[in-house]
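So you can see what is in the structure, the chains are spelled out below.
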Amino acid sequence: MQKYQQSANTEQVYNKANSFTDIAGSTNNSGTLKRIRHLYDNIGSIPSNFRAVVKQACSDIFNKPNHEERLFTLQKMVLAEIDQLEDKNLARYLNYRYRYDIYPQDKKIDDFPPCVQIEPTSICNYRCVFCYQTDKNLTQGKHGHMGMMSLDLFKNIIDQIEGNVEAVTLASRGEPLMAKSIIPMLMYASKKFLAFKINTNASFLNEEKIHALLSAEPNTLVFSADAADSDLYAKLRVNGDLDKVVSNIKLFSDIRQKHYPQNKTIVRVSGVRYSKEQHFEDIEKFWGRYTDQVAFVSYNPWESAYDAQTNNIQDHCSDLWRRTFVWWDGTINPCDVDYRSTLAVGNIRRELLTDVWQGSKYHNLRNLHSNKRRCEITPCNGCILV
């Protein structure tokens, strides 16, 4: 099977009305821009602790600074998220999104990362050909990487980041809906963040979990799928059954329409651009019947990053300034390309997340990347992400 060669991990969003189109800040999306304009005109009324950041975000949108390469723009997914927000939360959201997009370029941090990814479990029922779950150094029990997060630990994490972080994603190395405590986890995190997202392969969807998901009303629910026919799906998502997944997603749609007609969750199918056997327009048409968006991320060979030859990439990795990962056992890791945790920077069981984010181990990693020395770090030296 031949693979697409991609230089970065980017996401292209489709929707039924405007496929293959990316919306930036210059678009004439009058409703959203009118709301942001009103916020900008009344900038003095927002809390002083993030007023300067929001002012700069609005300035980038409306004044178009000369430094186009770092211009803060409104991508299609961002516009969709803003559409779900009440006006009272718009400033908070722009504060988060500007930090997420621009701070990695400016190599700037503050007390907390813009985004935290929490791993309810590292266990997965699939062995997708493009995923690190194919590595037995991860999945064999003797290596100690497999497990499920306790509800108490999850609550500890949420308590630390509530009010300090807006973007929280339940996903990392495993399938979140396999976690034994996933339903109370969803309930505990509900309504506490402006960009609360869950990724799932949808194979474990059932009525109980669907009701829990819809009741928690995450901002975005992502179903991971890469094909529109059963044979290719089974090739890419080994152990997966497309018919079962489609049936589960149909059930989700039916329950949502019947019992949660006012639910604002954005439902997206997202896949990996991996093989020339994939026909993306067909995939868009197939999944567009059940979801609000269809998206694809470019393939990054993270499943073999530890064995890859050192590349010549010198640009720093944005994740070191953008987000952090907390795994099922409390390990705080700078990225999920390092799925074996060789670069672990701390453990939330023993340390506060804010202290780790600003601590010496993170500082050393950022310093090496900033000084074009990522080639000295494994697996950064074999990773293509910037």
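See the structure above.
Here the structure is a predicted model, which means the values were calculated and not measured. (Residues numbered from 1 in each chain as written. Predicted model: local features only at pLDDT ≥ 70, side-chain atom pairs only at ≥ 80, totals over all residues. Heavy atoms only, no water.)

A. How the structure looks around the nonpolar core. Grouped together as the largest cluster of nonpolar side chains are 88 residues, with contacts concentrated most on Ile 118, Ile 161, Leu 170, Leu 186, Leu 205, Phe 223 and Trp 287. Top element by residues in this core is helix 10 (residues 242-259). It accounts for 6 residues. Ignoring sequence-local partners within four residues, the contact set of Trp 287 consists of Ala 225, Ala 227, Leu 242, Val 245, Val 246, Ile 249, Val 269 and Val 294. Counting residues in hydrophobic clusters, the runner-up holds 31 residues, among them Leu 90, Tyr 96, Tyr 103 and Ala 195. (Core = buried A, V, L, I, M, F, W, Y, C linked by side-chain atoms within 4.5 Å. Buried < 20%, exposed > 50% of the residue type's maximum accessible area, 1.4 Å probe, protein only. Helix = DSSP H or I, 4+ residues; strand = E, 2+ residues; numbered from the N terminus. Contact = heavy atoms within 4.5 Å.)

B. Layout of unusual backbone geometry. The omega torsion of the bond from Thr 378 to Pro 379 falls at 10°, within 30 degrees of zero and hence cis. A positive phi angle, near 55°, is found at Lys 107, a position not held by glycine. By the element assignment, Lys 107 lies in the loop between helix 4 (90-106) and strand 2 (115-118). Residue class for Lys 107 comes out partly exposed when judged on its relative accessible area of 37%. Although it is not a glycine, Asn 239 sits at a positive phi angle of roughly 85°.

C. Quick look at the packing of helix 7 (residues 182-189) against helix 8 (residues 207-216). One way to put it is that helix 7 packs onto helix 8 with a least axis distance of 9 Å and a crossing angle of 10°. With respect to helix 8, the element helix 7 is oriented roughly parallel. Taken together, the residues of helix 8 that come into contact with helix 7 (itself represented by Ile 182, Ile 183, Leu 186 and Met 187) are Glu 208, Lys 209, Ala 212, Leu 213, Ser 215 and Ala 216. Of the residues contributing to the contact of helix 7 with helix 8, the split by class is 7 nonpolar, 1 polar and 2 charged. (Axes fitted to C-alpha atoms, helices over the stretch in contact; angles between N-to-C directions. Parallel < 35°, antiparallel > 145°, perpendicular 65-115°, else oblique. Nonpolar A, V, L, I, M, F, W, Y, C, P; charged D, E, K, R; others polar.)

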